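Listed here are the chains, written in short residue letters.
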Amino acid sequence: MKVLNIGSMNLDHVYNVDHIVQPGETEASEDMNVFLGGKGINQSMALAKAGVQVYHGGLIGEDGQPFLDACKEYGVNADHIKMIKGKTGHAIIQVDKNAQNCILLYGGANQKLTESYVDEVLSSFESGDILLLQNEVNQLPYIVDRAYAKGMQVALNPSPFNEKLKEVDLKKVSIFLLNEVEGGQITGMTDPDDVLEKMREMFPHAKIVLTLGKDGAKYAEGDVTYYQPVFKVQAVDTTAAGDTFTGYFLAGLIDGMDIPDILKMSAKASSIAVTRNGAVQSIPLKEEVMEALKEL
Ligand code: RIB
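It should be emphasised that the depicted structure is a prediction, and the values quoted were computed from it without experimental measurement.

**Q** Before we move on, could you go through the overall build of the protein and cite the residues and values that matter?
**A** Tallying secondary structure elements over the protein gives nine helices and 13 strands in all. The C-alpha atoms of the protein give 18 Å as radius of gyration, which agrees with the globular expectation for 296 residues (19 Å, within 12%). Over its C-alpha atoms, taken along the principal directions, the protein stretches across nearly 50 × 45 × 40 Å. Considering the protein as a whole, with its 296 residues, one finds that 52% of them fall into the buried category. Partitioning the contacts of the protein with sequence separation of at least 6, the portion at a separation of at least 24 is 64%. On the protein, roughly 13,200 Å² of surface is accessible, and the fraction owed to carbon and sulfur atoms is 50%. With 26 positive and 41 negative side-chain charges, the protein shows a separation of 3 Å between the mean positions of the two kinds.

**Q** So what's going on with the sheet that holds strand 2 (residues 10-16)? Residues and values would help.
**A** Here we have four strands laid out as an open sheet, ordered 3-2-6-7, and mixed in their pairing. A single partner strand is all that each edge strand has here, and the edge strands are strand 3 (31-37) and strand 7 (101-106). Averaged over all neighbouring strand pairs, the angle between strand axes comes to 20°, with direction disregarded. One ladder, built from six bridges, connects strand 6 (residues 89-95) with strand 7; its direction is antiparallel. Looking at the pairing, Gln94 lines up with Cys102 of strand 7. Contacting strand 2 and strand 3, helix 2 (residues 65-74) runs over the sheet at an angle of about 65° to strand 3.

**Q** Give a detailed account of the sheet that holds strand 9 (residues 153-157), specifying residues and quantitative values.
**A** Strand order in the open sheet formed by nine strands is 5-4-1-8-9-10-11-12-13, and the pairing between neighbours is mixed. Either end of the sheet is taken by a strand with one partner, and the two such strands are strand 5 (77-83) and strand 13 (224-228). Shown here is a sheet whose adjacent strand axes are inclined to one another by a mean of 15°, direction ignored. In this structure, strand 8 (residues 130-134) lies alongside strand 9, joined through five bridges in parallel fashion. Note that in strand 9 the partner of Leu132 across the bridge is Ala155. On the sheet, helix 8 (residues 259-273) packs against strand 12 (217-221) and strand 13 and is oriented at approximately 30° with respect to strand 13.

**Q** Summarise the side chain of Gln228; cite the residues concerned and give the values.
**A** Within the element layout of this structure, Gln228 appears in strand 13. A residue is classified by how much of its surface remains accessible, and Gln228, at 9% relative accessible area, is buried. Polar contacts involving the side chain of Gln228 include one to the main-chain amide nitrogen of Lys264, which spans 3.4 Å. Setting aside its immediate chain neighbours within four residues, Gln228 contacts Gly216, Ala217, Pro260, Leu263, Lys264 and Ala267.

**Q** An account of the packing of helix 8 against helix 9 (residues 286-294) is needed here, citing residue identities and associated values.
**A** At a minimum axis separation of 9 Å, helix 8 and helix 9 run at an interaxial angle of 105°. By the angle between their directions, the pair helix 8 and helix 9 is classed as roughly perpendicular. Between helix 8 and helix 9, the contacting residues are Lys264, Met265, Lys268, Ala269 and Ile272 on the first element and Lys286, Glu288, Val289, Met290, Ala292 and Leu293 on the second. Here the contact of helix 8 with helix 9 is composed, by residue class, of seven nonpolar, no polar and four charged.

**Q** So what about the layout of surface pockets? Which residues, and what values?
**A** Taken as a whole, the second largest pocket encloses approximately 160 Å³ of empty space. Considering the residues around the second largest pocket, the lining is formed by 13 residues, among which Leu105, Gly107, Gln111, Asn135 and Glu136 are closest to the centre. Looking at side-chain class alone, the lining of the second largest pocket contains four nonpolar, seven polar and two charged residues.

**Q** Describe helix 3 (residues 115-122), listing the residues and the values that go with them.
**A** Along helix 3, the positions that sit buried rather than exposed are Tyr117, Val118, Val121 and Leu122. The buried residues of helix 3 occupy an angular sector of 125° when projected down its axis, which confines them to one face.

**Q** Break down the packing of aromatic side chains for me, with residues and values.
**A** All chains considered together, the criterion is met by four aromatic pairs. Ring geometry for Tyr55 and Phe125: centres 5.4 Å apart, planes at 80°, overall edge-to-face. Of this pair, Tyr55 sits in strand 4 (residues 54-60) while Phe125 is found in the loop between helix 3 and strand 8, placing the two residues 70 residues apart along the sequence. Taking relative accessible area as the criterion, Phe125 reaches 3% and is therefore assigned buried. Look at Tyr219 and Tyr226: their rings are 6.3 Å apart centre to centre, the planes differ by 35°, and that puts the pair in the tilted class.

Rules of the game
Counting restarts for each chain, with residues numbered from 1 along the sequence as it is written. pLDDT decides what is reported in this predicted model: residues at 70 or higher carry local features, side-chain atom pairs at 80 or more are listed and counted, and totals for whole chains, interfaces and linings draw on all residues regardless. Hydrogens are left out, water is left out, and the side-chain values use all remaining heavy atoms of the structure. Working definition: helices are DSSP H or I runs of at least four residues, strands are E runs of at least two. Numbering for both runs from the N terminus. We compute the radius of gyration from the C-alpha atoms alone; for a globule the expected value is 2.2 Å times N to the 0.38, where N is the number of residues. Between buried and exposed lies partly exposed: a residue is buried under 20% and exposed over 50% of the maximum accessible area for its type, with that area taken using a 1.4 Å probe on protein chains only. We call two residues in contact whenever any of their non-hydrogen atoms come within 4.5 Å of each other. Surface exposure here means Shrake-Rupley accessible area, sampled with a 1.4 Å probe, where a residue is shielded only by the protein chains that are shown. None of His or the chain ends enter the tally, which takes Lys and Arg as positive and Asp and Glu as negative. Positions of charges follow a simple convention, taking NZ of Lys, CZ of Arg, CG of Asp or CD of Glu. Criterion used throughout: strands pair if DSSP finds at least two bridges between them. Note on definitions: angles span 0 to 180 degrees between N-to-C directions of axes, and those axes are lines fitted to C-alpha atoms, for helices only across the stretch in contact. Whenever two N or O atoms come within 3.5 Å, that pair is a polar contact, provided that in protein one can donate a hydrogen and the other can accept it, and provided that, for residues adjacent in sequence, both atoms are side-chain atoms. Any angle from 65 to 115 degrees is called roughly perpendicular, while one under 35 is roughly parallel, one over 145 is roughly antiparallel, and all others are oblique. Residues were grouped as follows: Ala, Val, Leu, Ile, Met, Phe, Trp, Tyr, Cys and Pro as nonpolar; Asp, Glu, Lys and Arg as charged; and all remaining residues, including Gly, as polar. Here a cavity is any set of points on a 1 Å grid over the protein atoms alone where a 1.4 Å probe fits but cannot get out, and a pocket is any open set with protein on both sides within 12 Å along at least 5 of 7 lines; a residue lines the site when it has an atom within 4 Å of a point. Grid points are joined across faces, edges and corners, and a volume is the space filled by probe spheres set on the points. Each C-beta atom gives one direction from the helix axis, and the arc is the one those directions make. Only Phe, Tyr and Trp rings are paired, with Trp represented by its six-membered ring, and only when their centres lie within 6.5 Å; those with planes under 30 degrees apart are stacked, over 60 edge-to-face, the remainder tilted.

As structure tokens, this is what we get:
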């Protein structure tokens, strides 16, 4: 069984600020760095750092070489990443003194996927393989339809949620990894328990992982539900915490671990990621996560 992730790659321009700038306000930032990010590549890196052989697909522009270098460094297979004319996607991220962030995206190459590119990538995968997706690339409805038709298992992190997701046939998704806001947008519910219940009703055959920020995470499949609280830490940057959780969760499933253990490992990995700046670089290696779990 192979694991493919077709997803975004963003150059994250991260500005450290006192508070998230308000409409009409001008604020000087205290620091600025460019990090590798994008929900797609963050999740591939989390999978790779958790020990899974992952194939990443997606487009970068002429300034995207650092992503190929990072794939090499962390063992993500980059054979399907294609460099095209123009700019790699980027993000403008403000991180405030409480480690909260806000993110403005420029899609760039992430929004230039074509049906023929998707067909070419999927031709290397077969029934039973896993396909992970987020909502930062175009062609999502086509990718889901083609992958499902091939018998691949589709895992979706519907983030960021927007109107385009309504074109995706969500019944073809077998694993949802989402936060309470995205869950609310899909189900129309607000209370997390209602969101989970409604998701269960709408997608009775899917595995559902609902992350709740500081309130932890819940898992539902059929009649089974599990809850995992967060590990409390002093956060400096919460960017990619969800991506870390997603990658580690999927890695645990692939390894055949029990769900409660997977949830605990994923929560621990995220709690380490938020103590570091940046996205790709903040995601811990599995040895570090397992070591930290032993200390509990
Ligand atoms: O989930 C965090 C990511 O969201 C950042 O790395 C940024 O690029 C945006 O895609």
